[in-house]
Every structure is written in C-alpha cells, then in structure tokens.
Amino acid sequence: MKKNKYRWLLFGVIILLLMSMNGILIYSILQLQGTVKKMNKTIGNNQSNLESQIANISDTFEKTLIEQNRAISSFEFIYGDLNAKTGKIEVTVRVIPKESQQSTSLIVTYEETEGKYSTAPATRKGENLYEAQLKIPYNKDYHIGVLIKENNKTIQEYLDWIYNIESQLQLQVTGAYLDGDYNYSADSGLKVSGTVHLDVYNPSDSNPITGVEDNYIRSVNAHLYVDGEEIAVIPMEQDENTTGGNEYVCEVDQKLEFFEGQQFQLAVEIEDSLGFQYKTYALQGVADPTGEFNIDSYNYGYVEINP
C-alpha cells in the first residue's frame, strides 16, 4: 500500500512539475510576443520620425533655394576704360540685395581660369546698394557671382556672364587692295604704282562698352617693306565720297631696288583711339630667278590685330 501511495505521490509531483514547466514556457512565449510587438512599434515610430526628419530637411533645402533665388533684387555691369596695352578693362558691378542690414557684407566673385576664383570686396554705397570694381582681361569669359554674408548666414548667387568683348571693341577692317600695276625686272628692280584702298567700319552702336561706339581711327598709313625693312610710309586719307563705312585711299608711285629672292610687302596699318593696331596687306610677293614677281596671296584679307 505504501509503495502505491508513494508511486501516486511521485506521479503527482511529476505532473505538477510538467504543468509548472508548461506554464513557464507559455508565459515566456507570451512575454516574447509582447516584446516583439513593442519592438515593431518602436521600429515603426523610428521610421516615421526618420521620414519626417527627411521631409523637414527637404522642405528646409527648398526654402533655402527659394531664398537664394530671391536674394538679389537687381544688378548691372558698368564698363569703364579699356587699356589696350595691358589688355584689361574696368568693370563696376552694382548689386542691390532684396534684404540688407548694417551687418550685411557682400563679395563679388569671378572665375579667372577654370576652377580658380578671385574675389573683389563690395563697398556699401547706400542703404541697399553695393559696388565692386574689377580689372579683367577683355578677351575672356567671366562668370560673375556674389557672396552675401549676413550674421552667421552666407548665401551664394550667380549674377551673369561677362562675355569675351575683344571682337566688339575692335574696328572692323575688311582688307586693302591695290588698284594699279607693278613691274619687276632683274635689271631695273620693282616699280609699284596706283591707288591703295582700305575699307574699315566702326563697332556697332549696341556695344555695351561706354564710348566704344565712338571709337575712331587715329591714323592710317601705307607701308612698303623689303625683306621686313621699312622703305617708305605714305599717309592715307578718308575718301569723302564713300557711304556705309569708311574708305581710306592714297596714291603710291614707288621704284625700289629689288633682287632675286627678296620679299616685297605693301601693307596698310591702322591705329584706333583705344590703342589697337591693325595690319593688312594690299600686295606682297617674291622675285624669282626667271625675272618674275610671284604674288603671294596667302595673307590677303587677313588682318593682324595687336594691342
């Protein structure tokens, strides 16, 4: 009887233990499920917060871009004096920001070479007006911008391009020609006679450079060269009968000692009021052993321009 009693007692204890273990297991499973739910909720909240932050950053960035686009109310480039010898022109950049305080400072930036920027400080000329002076070569493109510093905020904005204005500054020389004749022989040399003509035009009146539309011709001369040595200079005068431009003429009647292999050039040289010098050819050639004067037409119509 005692053995049966103990046996049943042992079974009861085992059953209780099994029930306790199942209960603990079930409880642990329930706890784990709750933890997973909390983690999912936390992850969801974090993702929502992150998406919200990204949206806020995007909104702020867009607002910043809008503010930058509206930072400048107006601007203009005022072209000053050109120094043809140094190859530089004075440019005044005038900028009016939309909002300006006494603490606002402004710097003008421009790209001198690719990837290399220079700056020029802008001086306050009024409550909302700034000016900066530049001296830049006239034969390059420049992208002009500004840096606006107000308290701890810096805004960068591009204004516009200053384009290569070299060709706009110069007189338009269409070329020169000789309306006459030339004769060469090994015994008597070279004789050139006739009328030398030159056509030249002023720049367009729409040129942005102040005063350039009034660019005038300072001097026009015909030059005779033998092997690069100047033999004679003949002043050319404006032909009053021409229309639609300026034609300059002169009479040439020149006899030169000229030998086999030597080169002759009848050149027309112009200097304008800005300091540019132009050179074109009305006649050029070389004497050969047969007694012929061979015309060299390679440079006809070509104009050399030097500051």
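In this text the structure is predicted, and so the values were computed from the model without any measurement.

What counts, and where the lines are drawn
- Along each chain, residues carry numbers from 1 onward, in the same order as the chain's sequence is written.
- The predicted origin of the model limits local features to residues at a pLDDT of at least 70 and limits the giving and counting of side-chain atom pairs to 80 or more, whereas totals for whole chains, interfaces and linings rest on all residues.
- Think of the side-chain values as coming from all heavy atoms in the structure, minus any hydrogens and water.
- Runs of E in the DSSP output that reach at least two residues are strands. Runs of H or I that reach at least four are helices, and both are numbered from the N terminus.
- Only protein chains enter the accessibility calculation, which uses a 1.4 Å probe. A residue is then buried if its area is under 20% of the maximum for its type, exposed if over 50%, and partly exposed in between.
- All accessibility values rest on the Shrake-Rupley procedure with a 1.4 Å probe; residue burial counts only the protein chains present in the view.
- A pair of aromatic rings is counted whenever rings of Phe, Tyr or Trp (Trp by its six-membered ring) have centres within 6.5 Å, and the orientation is called stacked for planes under 30 degrees apart, edge-to-face for over 60 and tilted otherwise.
- For this analysis, a salt bridge means a side-chain nitrogen from Lys or Arg found within 4 Å of a carboxyl oxygen belonging to Asp or Glu.
- Note on pairing: DSSP must find at least two bridges between two strands before they are called paired.
- Lines fitted to C-alpha atoms define the axes here, with helix axes fitted over just the stretch in contact, and angles between the N-to-C directions of these axes take values from 0 to 180 degrees.
- We place a 1 Å grid over just the protein atoms. Points where a 1.4 Å probe fits but has no way out form a cavity, open points with protein on both sides within 12 Å along at least 5 of 7 lines form a pocket, and any residue with an atom within 4 Å of a point lines it.
- Grid points are joined across faces, edges and corners, and a volume is the space filled by probe spheres set on the points.
- Gly is placed with the polar residues, together with every amino acid not listed as nonpolar (Ala, Val, Leu, Ile, Met, Phe, Trp, Tyr, Cys and Pro) or charged (Asp, Glu, Lys and Arg).
- Take the buried residues of types Ala, Val, Leu, Ile, Met, Phe, Trp, Tyr and Cys, join any two whose side-chain atoms come within 4.5 Å, and each joined set is a nonpolar core.
- Any two residues whose heavy atoms approach within 4.5 Å at even a single point are treated as in contact.

> Outline the overall build of the protein chain, supporting the account with residue identities and numerical values.
Helix and strand counts for the protein chain come out as 2 helices and 18 strands. Here the protein chain holds 307 residues, and 33% of them are scored as buried. Total accessible area computed for the protein chain in this model is approximately 19,500 Å², and 51% of it derives from carbon and sulfur atoms.

> Tell me about the packing of aromatic side chains, and please be specific about residues and values.
Within this structure, the stated rule accounts for 8 aromatic pairs. The interplanar angle of 90° and the centroid separation of 5.7 Å between the aromatic rings of Y184 and F258 together place this pair among those described as edge-to-face. You can see Y184 sitting in strand β9 (residues 172-185) and its partner F258 sitting in the loop between β14 (246-256) and β15 (263-272), a full 74 residues away along the chain. Y184 sits in the buried class, given a relative accessible area of 14%. An aromatic cluster is defined as three or more aromatic residues linked by ring pairs; in this entry it consists of Y182, Y184, F258, F264 and F293.

> Tell me about the pattern of salt bridges, and name the residues and values.
For the structure shown, the criterion picks out 6 salt bridges. Among the ionic pairs, R94 bridges to E131, the shortest N-O distance being 3.1 Å. With a gap of 37 residues between them, R94 in strand β2 (residues 88-97) and E131 in strand β6 (residues 130-137) connect regions that are remote in the sequence. Where R218 meets E271, a salt bridge forms, and the shortest distance between an N and an O atom there is 3.4 Å. A residue pair is termed long-range when its members are at least 10 positions apart, and R218 in strand β11 (residues 217-226) and E271 in strand β15 qualify at 53 residues. With a relative accessible area of 23%, E271 lands in the partly exposed category.

> Which residues make up the sheet that holds strand β7 (residues 142-150), and what values go with them?
Overall, antiparallel pairing links the 4 strands, which are arranged β4-β3-β7-β8 in an open sheet. The sheet is open, and its two borders are formed by β4 (116-121) and β8 (153-162), each paired with just one other strand. With strand direction ignored, the average angle separating the axes of adjacent strands in the sheet is 25°. Where β7 lies against β8, 9 bridges are found, and the strand directions are antiparallel. Bridge assignment links E150 to a residue of β8, and that residue is K153.

> Requested: an account of unusual backbone geometry, with residues and values cited.
A positive phi is found at D227, a non-glycine position, where the angle reads about 50°. As for its placement among the helices and strands, D227 is situated in the loop between β11 and β12 (229-235).

> Would you mind going over the layout of surface pockets in detail, with residue names and values included?
Put simply, the second largest pocket is a space of about 150 Å³. What lines the second largest pocket is S219, N221, H223, E269, I270, E271, Q277, Y278, K279, E304 and N306. Sorting the residues of the lining of the second largest pocket by element identifies β11, β15, β16 (277-287) and β18 (304-306) as the ones contributing at least two each. Here the residues of the lining of the second largest pocket are counted per class, giving 2 nonpolar, 5 polar and 4 charged.

> Describe in detail the nonpolar core, supporting the description with residues and values.
Among the nonpolar cores identified, the biggest contains 61 residues, and I144 and F264 are the most heavily contacted of them. If sequence neighbours within four positions are ignored, F264 has contacts with L190, V192, L224, Y225, V226, L256, F258, L283, Q284, G285 and F293.

> Lay out the sheet that holds β9 in plain terms, naming residues and giving numbers.
Read across the sheet, 4 strands follow the order β9-β10-β14-β13 without closing on themselves; strand pairing throughout is antiparallel. Two strands close off the open sheet at either side, each with one partner strand: β9 and β13 (237-238).

> Pulling in residues and values, what's your account of empty space enclosed by the protein?
Applying the stated criterion across every chain, the model contains 1 cavity of 30 Å³ or more. If you add up the space inside the largest cavity, you get close to 40 Å³. Y79, I89, V91, I136, P137, Y138, K140, Y142, I162, Y163 and I165 are the residues that line the largest cavity. Broken down by secondary-structure element, the contributors of at least two residues to the lining of the largest cavity are β2 and β6. Counted by class, the lining of the largest cavity contains 10 nonpolar, no polar and 1 charged residues.

> Please set out the pairing of β4 residue by residue, giving values where relevant.
Two elements, strand β3 (residues 105-113) and β4, share 6 bridges in a ladder whose sense is antiparallel. Counted as the bridge partner of V108 is A120 from β4. The turn linking β3 back onto β4 is made up of 2 residues, and G115 within it adopts a positive phi angle of 85°.

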